[in-house]
Amino acid sequence: MKISFRHVAIRLALLLALPAVVHAQTPSDPVSLAGDVKAVKIVTAEDGTQRTELIEPTVIVPGDQLVFGTSYANNGADPVTNFIVTNPLPSAVRLAPDADPLLSVSVDGGKTWDVLAALAVTNPDGTTRAATHEDVTHVRWVLASIAPGEQGRLTYPAIIR
Amino acid sequence: MITQSNFASRFTISLLTPLVLGAALPAAAQAAGVTAGTLIENTAQATYDESGATRTITSNTVRVRVDELIDVTLTSLDSGPQQATASEAVLAFELTNQGNGPEAFLLTANPAVAGNAFEMTVRGLAVDSNANGIYDPGIDPILSAPETTAVMAAGDKLTVFVLVTLPSGLSDGQQSAVDLSARAVTGTGAPGTVFTGAGSDGVNAIIGMTEAFAKETGRVVAGVAAVSLVKSVSLRDPFGGTGAVPGTVATFTITASVAGSGSVAGLVVTDTIPQGTTYAPGTLGLDGTGLTDATDGDAGTASDASGISVTLGRFPQGPRIP
């Protein structure tokens, strides 16, 4: 799943599309953060081609793929800078192999961050090996700045262990 | 002497990794996966700088509960057709709960398999309660109808015995098969069939690639035993020759043999002392070992009046009479 931040000028229409949930933030926070989860469904057309659809999760069993999404919006009048969003992966899921390879991840509980290809894991006997998707404990995004009225959506794919 | 036939080894494994609709191929090799009912929660946190201050905000928590996947496999534990002993045989199977939640399974044994040379009677289905791989009569319980296992945890295995009885009048080496099938109590059906709220903790249950149904075949071979006795005699006359004259010592040898792959029980060989001869006391022997004439703890008795009697018991496993 490719990570994309959509820069949208009209904030009102998209605010209506956000799930109506209670945000854990004070009223003076200009930035809102909302989470959601979708299930990946593979649909096979009559001609045999396959496409994926994102649907509300219904039945979820080991092996199924989910997409966790985080939507953000700067509702204030000033720009915000150094916007870092961190998502700890639930222990029951692992990062899917089709995650963006440029995604900043951690395999040590959030202490260090890099792209997955650059990370290593220490074995119990002291040797090291390259980190795999199954080792990822956290994912994060760093946005230099968000202009007033700007919003976007960050997602990562996960598979039920 | 009869030797038991060797049968070719036959070993089948049927193990399926659950592959669910709408999923990328699971790379993990676990058969069970995350336990049904597990709650998955995801919360995002963000920090940012605004107007010179650093703020932290947290998103809402999204929650997804893992549902129950139902899968089952059966494997024969016998390395080849089982030899029937005294018209009875025991077949062993291993049942595995391949799903991710607790499940019980309904068992059915069907002896009417196409191609059977003869049909066996299923005496019952027993559970290997002490997990020693052997059917222990009186210890391993025989399930009463409808034969259903106890609830098994995800990934658990259970050894099930099918007890069969063979009919009489069989030929040595004839084979018969019995099919054991297992189906999940929650339900069976095409992969992807959903039983809403029927999983553990009230989650949904969904049928996996095994259709929540497994079937495996066990085979039995009839071992029929036919006992034959062959008697021979060697003579030694008083002059060192082999003539039959008064004073000749006649040594009678009775060879007992069993044809077929089976065995008999309680075999006793008897013979009368031929007219015109007198039994030489103390000369009864079994495979080179002397037997006393009197009725005592050893296998033989002999007298002029009653003839000889040697108890071989279970045969083969008994030696020849010299």
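Conventions adopted
- Residues numbered from 1 in each chain as written.
- Chains lettered and ligands numbered in written order.
- Predicted model: local features only at pLDDT ≥ 70, side-chain atom pairs only at ≥ 80, totals over all residues.
- Heavy atoms only, no water.
- Helix = DSSP H or I, 4+ residues; strand = E, 2+ residues; numbered from the N terminus.
- Buried < 20%, exposed > 50% of the residue type's maximum accessible area, 1.4 Å probe, protein only.
- Contact = heavy atoms within 4.5 Å.
- Areas by Shrake-Rupley, 256 points an atom, 1.4 Å probe, with all protein chains shown as cover.
- Pairing = 2+ DSSP bridges.
- Axes fitted to C-alpha atoms, helices over the stretch in contact; angles between N-to-C directions.
- Patch = residues over 30% accessible without salt bridge, like charges linked within 9 Å, V, L, I, M, F, W, Y side chains within 5 Å.
- Salt bridge = Lys/Arg side-chain N within 4 Å of Asp/Glu carboxyl O.
- Phe/Tyr/Trp six-rings, centres within 6.5 Å; stacked < 30°, edge-to-face > 60°.
- pLDDT = per-residue confidence, 0-100.
- Core = buried A, V, L, I, M, F, W, Y, C linked by side-chain atoms within 4.5 Å.
- Buried area = accessible area lost by both parts, 1.4 Å probe.
- Polar contact = N/O pair within 3.5 Å; in protein donor to acceptor, adjacent residues only side chain to side chain.

1. What about the overall build of chain B?
Scanning chain B for helices and strands turns up zero helices and 20 strands. Every one of the 322 residues in chain B was classed for burial, and the buried ones make up 40%. Pairs at least 24 apart in sequence give 70% of the contacts found in chain B among residues at least 6 apart. Carbon and sulfur atoms make up 53% of the accessible area of chain B, which amounts to about 15,800 Å² in all.

2. Some details on the overall build of chain A
In terms of regular secondary structure, chain A is built from one helix and eleven strands. Going from the N terminus to the C terminus, chain A shows its helices and strands as α-β-β-β-β-β-β-β-β-β-β-β. When the 161 residues of chain A are sorted by exposure, 47% land in the buried category. Sequence-distant contacts, at least 24 apart, represent 72% of the contacts inside chain A between residues at least 6 apart. Approximately 8,000 Å² of chain A is accessible, and the part contributed by carbon and sulfur atoms is 59%.

3. What about the pairing of strand β2 (residues 50–55) of chain A?
Residue and element names in this part refer to chain A. Summarising the sheet, strand β1 (residues 31–44) and β2 pair through six bridges and their orientation is antiparallel. Residue pairing across strands places V43 opposite R51, the latter belonging to β2. Turn length for the β1-β2 hairpin, with the two strands adjacent in sequence and antiparallel, is five residues, and the turn residue G48 shows positive phi of about 95°.

4. Remarks on the sheet that holds strand β3 (residues 65–74) of chain A
The strands that make up a sheet are held in pairs by hydrogen bonds between backbone atoms, and each pair lies either parallel or antiparallel. All names here are of chain A. One open sheet accounts for five strands, arranged β2-β1-β3-β11-β5; its pairing is antiparallel. Every other strand in the sheet has two partners, leaving β2 and β5 (93–95) as the edge strands with one partner each. The average undirected angle you get between the axes of adjacent strands in this sheet is 35°. Pairing of β5 with strand β11 (residues 151–160), which is carried by three bridges, proceeds in the antiparallel orientation. For L95, the partnering residue across the bridge sits in β11 and is A158.

5. Side note on a nonpolar patch on the surface
On the surface, a nonpolar cluster with roughly 220 Å² of combined accessible area is contributed by B:V233, B:L235 and B:F252. Within the element layout of this structure, B:F252 appears in strand β15 (residues 249–259).

6. What to know about the packing of aromatic side chains
Evaluation of the coordinates by the stated rule reveals four aromatic pairs over all chains. Seen from their ring centres, A:Y72 and A:F83 are 5.4 Å apart, and the 55° between their planes marks the pair as tilted. Of this pair, A:Y72 sits in strand β3 while A:F83 sits in strand β4 (residues 80–88); the two residues are eleven residues apart in sequence, bridging distant segments of the chain. Classification of A:F83 by relative accessible area gives buried; the value is 0%. Within the aromatic cluster, the residues linked to one another by ring pairs are A:Y72, A:F83 and B:Y48.

7. What to know about the pairing of β4(A)
The sheet contact formed by β4(A) and strand β10 (residues 138–146) of chain A spans eight bridges and is antiparallel. Bridge pairing links A:P88 to A:H138 in β10(A). Pairing of β4(A) with strand β1 (residues 39–50) of chain B, which is carried by four bridges, proceeds in the antiparallel orientation. Bridge pairing in β1(B) links A:T86 to B:Q45.

8. A look at the sheet that holds strand β8 (residues 121–127) of chain B
Residues and elements named next belong to chain B. Ordered by their spatial adjacency, four strands build an open sheet running β4-β6-β9-β8, and the pairing between neighbours is antiparallel. In the strand order of this sheet, the two ends are held by β4 (72–76) and β8, each with one partner. Neighbouring strand axes in the sheet, compared pairwise and without regard to direction, differ in orientation by 25° on average. Note: strand β6 (residues 88–97) against strand β9 (residues 157–165), nine bridges, orientation antiparallel. Counterpart to V90 in the pairing with β9 is L163.

9. With respect to the confidence of the model for chain B
Residue and element names in this part refer to chain B. Taken as a whole, chain B shows an average pLDDT of 83; of its residues, 88% reach a score of 70 or greater. Across chain B, element-level confidence peaks in strand β7 (residues 105–110) with a mean pLDDT of 97 and bottoms out in strand β16 (residues 264–271) with 83. Low pLDDT, under 50, characterises residues 1–30; the predicted model gives this stretch 66 contacts beyond four residues in sequence or across chains. This stretch, residues 318–322, has a pLDDT under 50; its non-local contacts, to residues over four places away or in other chains, come to 21 contacts.

10. What to know about the confidence of the model for chain A
Counting all residues, the mean pLDDT for chain A is 84, and 83% of those residues have values of 70 or more. With pLDDT under 50 throughout, residues 8–23 of chain A is counted as low confidence; its partners more than four residues away or in other chains account for 20 contacts.

11. Here's the deal with the nonpolar core
Across soluble globular proteins, nonpolar side chains show a tendency to be buried alongside one another. By size, the foremost hydrophobic cluster in this structure holds 41 residues, and its most contacted members are A:F83, A:V139 and A:Y156. Of all the secondary structure elements, the ones that give two or more residues to this core are β1, β3, β4, β5, β10 and β11 of chain A together with β1 and β2 (53–65) of chain B. Sequence-distant contacts of A:V139, that is, excluding residues within four places in its chain, are made with A:V85, A:T86, A:N87, A:L89, A:L95, A:L103, A:S104, A:V105, A:W113 and A:Y156. One finds B:L74, B:F93, B:V164 and B:L166 within the second-largest nonpolar core, a separate group that totals 32 residues.

12. Thoughts on the interface of chain B and chain A
In this complex, chain B contributes 42 residues to the contact, which on the side of chain A involves 48 residues. The contact between chain B and chain A buries some 3,300 Å² in all, and 60% of this surface belongs to carbon and sulfur atoms. At the junction of chain B with chain A, the criterion picks out one salt bridge. Of the charged contacts in the structure, one is a salt bridge between A:D29 and B:R55, with a shortest N-O distance of 3.7 Å. The tally of links between chain B and chain A comes to nine residue pairs in polar contact (both at pLDDT 80 or more). Elements with a contribution of two residues or more to the side of chain B that touches chain A: β1, β2 and β3 (68–70) of chain B.

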